[in-house]
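Working through the structure, step by step
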Amino acid sequence: MLDKRPENMLRINDNALAKQFIDEQVKEIREQVKDKKVLLALSGGVDSSVVAALLIKAIGKQLVCVHVNHGLMRKGESEQVIEVFGKQLDANLIYIDATDRFLSLLEGVCEPEKKRKIIGGEFIKVFDEEARKLEGISFLAQGTIYPDILESDGVKAHHNVGGLPEDMKFELVEPIRLLYKDEVRVVGKALGLPAEMVDRQPFPGPGLGVRCLGAITRDRLHALREADAILREEFDINNLSSKVWQYFIAVPDMKSVGVRNGKRYEGWPAIIRAVNTVDAMTATIEEIPYPVLHKITDRITKEVEGINRVLLDLTPKPIGTIEWE
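Below you will find a few notes about this structure.

Parameters and conventions
- Residues numbered from 1 in each chain as written.
- Predicted model: local features only at pLDDT ≥ 70, side-chain atom pairs only at ≥ 80, totals over all residues.
- Heavy atoms only, no water.
- Helix = DSSP H or I, 4+ residues; strand = E, 2+ residues; numbered from the N terminus.
- Rg over C-alpha atoms; globule rule 2.2 N^0.38 Å.
- Buried < 20%, exposed > 50% of the residue type's maximum accessible area, 1.4 Å probe, protein only.
- Contact = heavy atoms within 4.5 Å.
- Areas by Shrake-Rupley, 256 points an atom, 1.4 Å probe, with all protein chains shown as cover.
- Lys, Arg positive; Asp, Glu negative; His and termini not counted.
- Charge placed at Lys NZ, Arg CZ, Asp CG, Glu CD.
- Axes fitted to C-alpha atoms, helices over the stretch in contact; angles between N-to-C directions.
- Parallel < 35°, antiparallel > 145°, perpendicular 65-115°, else oblique.
- Left-handed = near helix turned anticlockwise from the far one by under 90°.
- Nonpolar A, V, L, I, M, F, W, Y, C, P; charged D, E, K, R; others polar.
- Phe/Tyr/Trp six-rings, centres within 6.5 Å; stacked < 30°, edge-to-face > 60°.
- Lys NZ or Arg CZ within 6 Å of the ring centre and 35° of its normal.
- Polar contact = N/O pair within 3.5 Å; in protein donor to acceptor, adjacent residues only side chain to side chain.

**Some details on the overall build of the protein chain**
The number of helices and strands found in the protein chain is 10 helices and 10 strands. For a compact globule of 325 residues, the expected C-alpha radius of gyration is about 20 Å, and the protein chain comes in at 21 Å, within 12% of that figure. With the C-alpha coordinates aligned to their principal axes, the bounding extent of the protein chain is approximately 70 × 40 × 35 Å. Each of the 325 residues in the protein chain was classed as buried or not, and the buried ones make up 50%. Across the protein chain, every contact between residues at least 6 apart in sequence was considered, and the portion connecting residues at least 24 apart equals 76%. When the accessible surface of the protein chain is totalled, it reaches about 16,100 Å², and 52% of it is carbon and sulfur. Charge centroids of the protein chain, computed over 45 positive and 51 negative side chains, lie 2 Å from each other.

Here's what the structure looks like:
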């Protein structure tokens, strides 16, 4: 398996080149897998979604997709995975709603790194439990892309980064390992995946767990999810989603007094973060027109129970990181 991109490999930037790549990968996948089964952790992110669609095209029901909903997804994301892969593409999809399991473990945990470790560790346990229930799995598919290989000096391409225990040995299937992110998106569109999935902005592994700041509570998590959905909807309406690399809401564990229906009302603030970057090492702030900010503020404070203020984070990276936690 190549772990270095050939110098003469064309950048995939149009539908014709994407279809050529798809045909080549379908052939390679069939030759590698033959009649065996392949397991894939399908997050719903760009990379895993494109890998899933490629494998479905190549081997159909021999692919087993496992989607774990840890309860920290954005609004509608798990539902979209079920709709696109379970219904439209008729994938062999196993859906696990582990919301209660994750949120119980996270109860009262304030420290960001501890939250990350709990979420990551429990995800591996859930995926491991499901993998052990399956029979005849010989391969593990992964959404490794070329920057992953470059950043890890080739190490990631040869290791089971799915985090499964050492006693579960799988050969890897990594069909997009030589592609850059922009190429993955072009291939995804050529495979017929919806634009909102292919153009999905980067989303941290712990999901909303690192945007519901401090100890996560179900009511604040729900408020965060609803406010974030309004932000994304308004960015789409105002053609900002294609201009901003990453945009989201963070909700801290603090309240301030406000007024609703003529009465004092304590609520959380929703903090808007919208940044542009090339490499995620540095980031600049995207200027959002004030009429758009006013509309977002009006909708969030009126439509989302528990939020009574909307703030705008104007901090570039450095000095602030892109995520709050």
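**Let's talk about the environment of Val68**
Positionally, Val68 belongs in strand E2 (residues 63-69). Assessed through its relative accessible area of 4%, Val68 is described here as buried. It is 7.6 Å that separates the C-alpha atoms of Val68 and Val126, two residues lying 58 residues apart in sequence. The residues touching Val68, leaving out its near neighbours within four places in the chain, are Ile96, Ala98, Phe102, Phe123 and Val126.

**A closer look at the packing of helix H9 (residues 218-237) against helix H10 (residues 290-303)**
Their axes nearest at 10 Å, the elements H9 and H10 cross at an angle of 150°. Our classification of the angle between H9 and H10 gives roughly antiparallel. Considering only the axes of H9 and H10, their crossing is right-handed. Within the contact between the two elements, H9 uses Ala227, Ile230, Leu231, Glu233, Glu234 and Phe235 and H10 uses Lys295, Ile296, Arg299, Ile300 and Glu303. For the contact of H9 with H10, a count of residues per class yields 6 nonpolar, no polar and 5 charged.

**Section: the packing of aromatic side chains**
All told, the structure shown has 2 aromatic pairs when counted by the stated rule. Arranged with centres 4.5 Å apart and planes meeting at 25°, the rings of Phe235 and Tyr247 form a pair that is stacked. Separated by 12 residues along the polypeptide, Phe235 in helix H9 and Tyr247 in strand E6 (residues 246-250) bring together distant segments of the chain. The residue whose ring lies beneath Arg74 is Phe203, and the NZ or CZ to ring-centre distance is 4.1 Å. Lying over the aromatic face of Trp268, Lys255 brings its terminal NZ or CZ to 4.9 Å of the ring centre.

**Here's the deal with the side chain of Asn69**
Within the secondary structure, Asn69 is located in strand E2. Overall, Asn69 belongs to the buried group, its relative accessible area being 11%. Within the structure, the side chain of Asn69 is placed 2.9 Å from the backbone nitrogen of Gly71, a separation counted as a polar contact. If sequence neighbours within four positions are ignored, Asn69 has contacts with Ser78, Tyr95, Ile96, Asp97, Ala98 and Thr99.

**Regarding the packing of helix H1 (residues 15-33) against helix H7 (residues 181-190)**
A pair of packed helices can be characterised by two numbers: the angle between their axes and the separation between those axes. Interaxial distance between H1 and H7 falls to 9 Å at its minimum, and their mutual angle equals 80°. Considering the angle they form, H1 stands roughly perpendicular to H7. Across from Asn15, Ala18, Lys19, Phe21 and Ile22 in H1, the residues of H7 making contact are Val186, Val187 and Ala190. Within the contact of H1 with H7, the residues separate by chemical class into 6 nonpolar, 1 polar and 1 charged.

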